[in-house]
Amino acid sequence: MWTVNAALAPAALFSVYRFGVSALTTMLICIIVAVATEYLIQKWREQPVTVNDGSAFLTGLLLAMNIPAGLPWYMPVFGTVSAIAIAKHTMGGLGYNIFNPALVGRAIMLASWPVAMTTWPDMTSKVDGVTSATPLGILKLQGYEKLVEVFGDKATMYQSLFTGMRSGSMGETSALLLILGGVYLIYRGYINWQIPVVMIGTVGALTAIFGHDPLMHMMSGGLILGAFFMATDMVSIPITVKGRILFAAGAGALTVLIRLLGGYPEGVCYAILLMNCVTPLIDLWLRPVKFGARG
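Note that this is a predicted model, so its numbers are computed, not measured. (Residues numbered from 1 in each chain as written. Predicted model: local features only at pLDDT ≥ 70, side-chain atom pairs only at ≥ 80, totals over all residues. Heavy atoms only, no water.)

A.B. asks: Break down the overall build of the protein chain for me, citing the residues and quoting the values.
C.D. replies: For the protein chain, the count of helices and strands is 14 helices and 2 strands. The dimensions of the protein chain, computed from C-alpha atoms along their principal axes, are 70 × 45 × 35 Å. Within the protein chain, the fraction of its 295 residues that count as buried is 51%. Taken as a whole, the protein chain presents about 13800 Å² of accessible surface, with 68% of it coming from carbon and sulfur. Of the charged side chains in the protein chain, 17 are positive and 13 negative, and the gap between their average positions amounts to 10 Å. (Helix = DSSP H or I, 4+ residues; strand = E, 2+ residues; numbered from the N terminus. Buried < 20%, exposed > 50% of the residue type's maximum accessible area, 1.4 Å probe, protein only. Areas by Shrake-Rupley, 256 points an atom, 1.4 Å probe, with all protein chains shown as cover. Lys, Arg positive; Asp, Glu negative; His and termini not counted. Charge placed at Lys NZ, Arg CZ, Asp CG, Glu CD.)

See below:
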């Protein structure tokens, strides 16, 4: 868990550089509340206190990376408590949760405060409080031509998406740093490459088939963060390689479905949560065959 935290740290630090003190404040609130909530629940349930394993810290950090910078303090507090208390400990604690806790926290926050959760600070403005739409928001409401116009041209748009110079949640910033962190986790053997590659590849392939810009979709929103750091959660994904490929393809397809036909411009959060629901069914379908011999 601490290695995953370290892999996510460069992108998290970049988000603080990009969005300022408000991002750091939100991040600290989520992390501190996550660790404190886990400690209090384990004490109350008379369980061994395991906050030093890094899992609660990671849940807080991931939730912070999935929300806008500068939210009122009570919103990340509520979302973090929900992630730890509801999504994690009502299921039995670490190793038993069927849904990714950080994504559950984000989904609850989005349902509770839809306007605040879809209001993004405009980092190109010199005036505090000015907001702007995310690339996917512009695409949803105004079309692809307007999106390219906002950035100036396609090359600038791709560069901005890759380096993180655009509006969005704290985890929608630098695709480069998120990819580097994810590749490091693959190199260390903490995650399998199939899920991020298949999920991102599915989004690229389907958006191209439906006449959209695949590069823009692959680098926009929370796709890279979700594919490398949340869809790979060992507890809530299938146990077999075939099952994980099916899981990733389903998450990618649902992401495209929500982006192109749904009411929200982004669909990574709900896509992963929906695939978490069918993980037991995938394991049932694709469980390994037992071979044996009679002596």
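A.B. asks: Now, about the confidence of the model for the protein chain: what can you tell me, with residues and values included?
C.D. replies: Scored by pLDDT, the protein chain has a mean of 88; 94% of the residues are at 70 or more. Ranking the helices and strands of the protein chain by mean pLDDT puts helix α10 (residues 194–209) first, with 96, and strand β2 (residues 131–132) last, with 54. Segment residues 124–131 is flagged for pLDDT under 50; beyond a separation of four residues in sequence, or across chains, it makes 8 contacts in the model. (pLDDT = per-residue confidence, 0-100. Contact = heavy atoms within 4.5 Å.)

A.B. asks: Describe the packing of helix α6 (residues 135–142) against helix α7 (residues 144–151), with residues and values.
C.D. replies: For any two helices packed against each other, one specifies the inter-axial angle together with the distance between the axes. Close contact between α6 and α7 brings their axes to 7 Å; oriented N to C, the two are set at 140°. Our classification of the angle between α6 and α7 gives oblique. Side by side, α6 and α7 meet where P135, I138, L139 and Q142 of the first sit next to Y144, K146, L147, V150 and F151 of the second. Per-class residue counts for the contact of α6 with α7 are 7 nonpolar, 1 polar and 1 charged. (Axes fitted to C-alpha atoms, helices over the stretch in contact; angles between N-to-C directions. Parallel < 35°, antiparallel > 145°, perpendicular 65-115°, else oblique. Nonpolar A, V, L, I, M, F, W, Y, C, P; charged D, E, K, R; others polar.)

A.B. asks: Explain the nonpolar core to me, and be specific about the residues and the numbers.
C.D. replies: Burial of nonpolar side chains together is a common tendency in soluble globular proteins. The biggest cluster of nonpolar side chains holds 58 residues, and the ones touching the most others in it are L8, M27, M65, M170, M199 and F229. The dominant element in this core, judged by the number of residues it contributes, is helix α1 (residues 2–19), at 7 residues. Here L8 is in contact with L58, L61, L62, M65, L178, L225 and F229, once residues within four sequence places are set aside. Formed by 10 residues, the second largest nonpolar core is a distinct cluster that contains L139, F151, M157 and M216. (Core = buried A, V, L, I, M, F, W, Y, C linked by side-chain atoms within 4.5 Å.)

A.B. asks: Break down the pattern of salt bridges for me, with residues and values.
C.D. replies: Within this structure, the stated rule accounts for 3 salt bridges. E38 is paired through a salt bridge with K88; the nearest N and O atoms lie 2.9 Å apart. Of the two residues, E38 is situated in helix α2 (residues 21–44) and K88 in helix α4 (residues 74–88); the sequence distance between them amounts to 50 residues. Since its relative accessible area comes to 1%, E38 is described here as buried. Classification of K88 by relative accessible area gives buried; the value is 2%. Salt-bridge contacts for E266 lead to R259; the nearest nitrogen and oxygen are separated by 2.8 Å. Each member of the pair, E266 as well as R259, carries the same accessibility label: buried. (Salt bridge = Lys/Arg side-chain N within 4 Å of Asp/Glu carboxyl O.)

A.B. asks: Give me the lowdown on the state of the cysteines, citing residues and values where you can.
C.D. replies: Inspection of the entire model under this criterion finds 0 disulfides. We note that C30 lacks a disulfide partner, and the nearest cysteine sulfur, in C269, lies 14 Å from it. Under the relative-accessibility criterion, C30 is labelled buried at 0%. With no disulfide of its own, C277 has C269 as its nearest cysteine by sulfur position, at a separation of 11 Å. (Disulfide = S-S within 2.5 Å.)

A.B. asks: Report on the packing of aromatic side chains, specifying residues and quantitative values.
C.D. replies: Applying the stated criterion across every chain, the model contains 6 aromatic pairs. Centroid distance F78 to W113: 5.5 Å. Interplanar angle 85°. Geometry classified as edge-to-face. Linking F78 in helix α4 with W113 in the loop between α5 (101–112) and β1 (120–121), this pair joins segments that are 35 residues apart in sequence. Owing to a relative accessible area of 40%, F78 belongs among the partly exposed residues under this scheme. On the accessibility criterion, W113 (22% relative accessible area) is partly exposed. Here the aromatic residues W73, Y74, F78 and W113 are joined through ring pairs into a cluster of three or more. (Phe/Tyr/Trp six-rings, centres within 6.5 Å; stacked < 30°, edge-to-face > 60°.)

A.B. asks: So what about the environment of M157? Which residues, and what values?
C.D. replies: Locating M157 in the fold gives a position in helix α8 (residues 154–163). Note on M157: relative accessible area 0%, which makes it buried. Measuring from C-alpha to C-alpha, the distance between M157 and A231 comes to 26 Å, with 74 residues separating the pair along the chain. Leave out the neighbours within four places in its chain, and M157 touches Y144, L147, V148, F151, D213 and M216.

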